[in-house]
Amino acid sequence: MTAGSEDAEAFDAFYAATAKRLVATVYAMTGDLGEAEDAVQEAYVRAWQRWDKVSATGDPLPWVRTVAVRLSISTWRRTRGRLRAHFRHGVPADVPGLSEDRVALMGALEELNRDQRQAVVLHHMLGLPVEEVARETGASNGAVRTRLHRARRILGERLADTPAAVGRQVTARNAAERSAAERKGRVRHG
């Protein structure tokens, strides 16, 4: 087996193992699935062009993720006018609707500033430790913790009244009432 075919196999395995989740990550950060897919595709192309250097670092995923996020932000800035026009004219009729919870989550994420949103996605959705989030974003550990704290507060306020959250609150309240009633019944009969 030649070095070139070993590189190709290693890259193919890396791509197969990481691409789907990376698209989901960038989508959560940007709120635009098409832009996320395009940015991720371009990031993998750039990684392949530099595969010897990118793979030499050990784990190439942080490099690819950083490139994809930066590309998506740049693309968003260049196409802001196009997005505004799309929202002005509405969503095409043949696009299926999203669940209320997903819409609420994406809406709440959009209310965060870019740094907070990036920290939330990397830490809570990808499970990266604060130290790794700090390394990828170029911020200090303290800054990442502050962003996460503020973002959680905003998300908690925005998501407290979603249908699913209200449903969970009602279910919990009903369960507590049933439990209390059962305890009272046991005490009377006991």
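Bear in mind the structure is a predicted one, so any value in this text is a computation, not a measurement.

What counts as what
Residues numbered from 1 in each chain as written. Predicted model: local features only at pLDDT ≥ 70, side-chain atom pairs only at ≥ 80, totals over all residues. Heavy atoms only, no water. Helix = DSSP H or I, 4+ residues; strand = E, 2+ residues; numbered from the N terminus. Buried < 20%, exposed > 50% of the residue type's maximum accessible area, 1.4 Å probe, protein only. Contact = heavy atoms within 4.5 Å. Salt bridge = Lys/Arg side-chain N within 4 Å of Asp/Glu carboxyl O. Lys, Arg positive; Asp, Glu negative; His and termini not counted. Polar contact = N/O pair within 3.5 Å; in protein donor to acceptor, adjacent residues only side chain to side chain. Expected span 1.5 Å × (residues − 1). Arc of directions from axis to C-beta. Phe/Tyr/Trp six-rings, centres within 6.5 Å; stacked < 30°, edge-to-face > 60°.

Caption draft 1: Inspection of the environment of A134 at higher detail. Along the chain, A134 falls in helix α8 (residues 130-137). The buried category is assigned to A134, whose relative accessible area is 6%. Once the C-alpha coordinates of A134 and V144 are considered, the two residues, 10 residues apart in sequence, prove to be 6.1 Å apart. The residues touching A134, leaving out its near neighbours within four places in the chain, are A139, S140, N141 and V144.

Caption draft 2: Expanded view of the pattern of salt bridges. Enumeration according to the criterion identifies 7 salt bridges in this entry. A salt bridge links E157 to R158; its shortest N-O distance comes to 3.0 Å. Through salt bridges with shared partners, a single network forms among E111, E157 and R158.

Caption draft 3: The arrangement of the side chain of R117 in detail. You can see R117 is positioned in helix α7 (residues 114-125). Buried and unpaired, R117 has no salt bridge, with E110 as the nearest side chain of opposite charge at 5.1 Å. A polar side-chain atom of R117 sits 2.6 Å from the main-chain carbonyl oxygen of M29. Look past the residues within four positions of R117 in its chain and what remains in contact with it is Y27, A28, M29, T30, G31, M106, L109, E110 and L112.

Caption draft 4: Structural context of helix α9 (residues 141-159). Its 19 residues place the ends of α9 26 Å apart at the C-alpha level, agreeing with the 27 Å of an ideal helix rising 1.5 Å per residue. Listed in full, the buried residues belonging to α9 are V144, L148, A151, I154 and L155. One side of α9 carries all its buried residues, which in axial view fall inside an arc of 135°. Check the buried side of α9 and you find it contacts α6 (100-110), α7 and α8.

Caption draft 5: View of the packing of aromatic side chains. If you walk through the whole model with that rule in mind, you get 7 aromatic pairs. With a centroid separation of 6.3 Å and 80° between ring planes, the pair formed by F11 and Y44 is classed as edge-to-face. In this pair, F11 sits in helix α1 (residues 3-30) while Y44 sits in helix α2 (residues 33-49), placing the two residues 33 residues apart along the sequence. Residue F11 shares its accessibility class with Y44, and that shared class is buried. Their ring planes at 75° and their centres at 4.8 Å tell us that Y15 and Y44 sit as a pair that is edge-to-face. On the criterion of sequence distance, the pair formed by Y15 in helix α1 and Y44 in helix α2 is long-range, its members being 29 residues apart.

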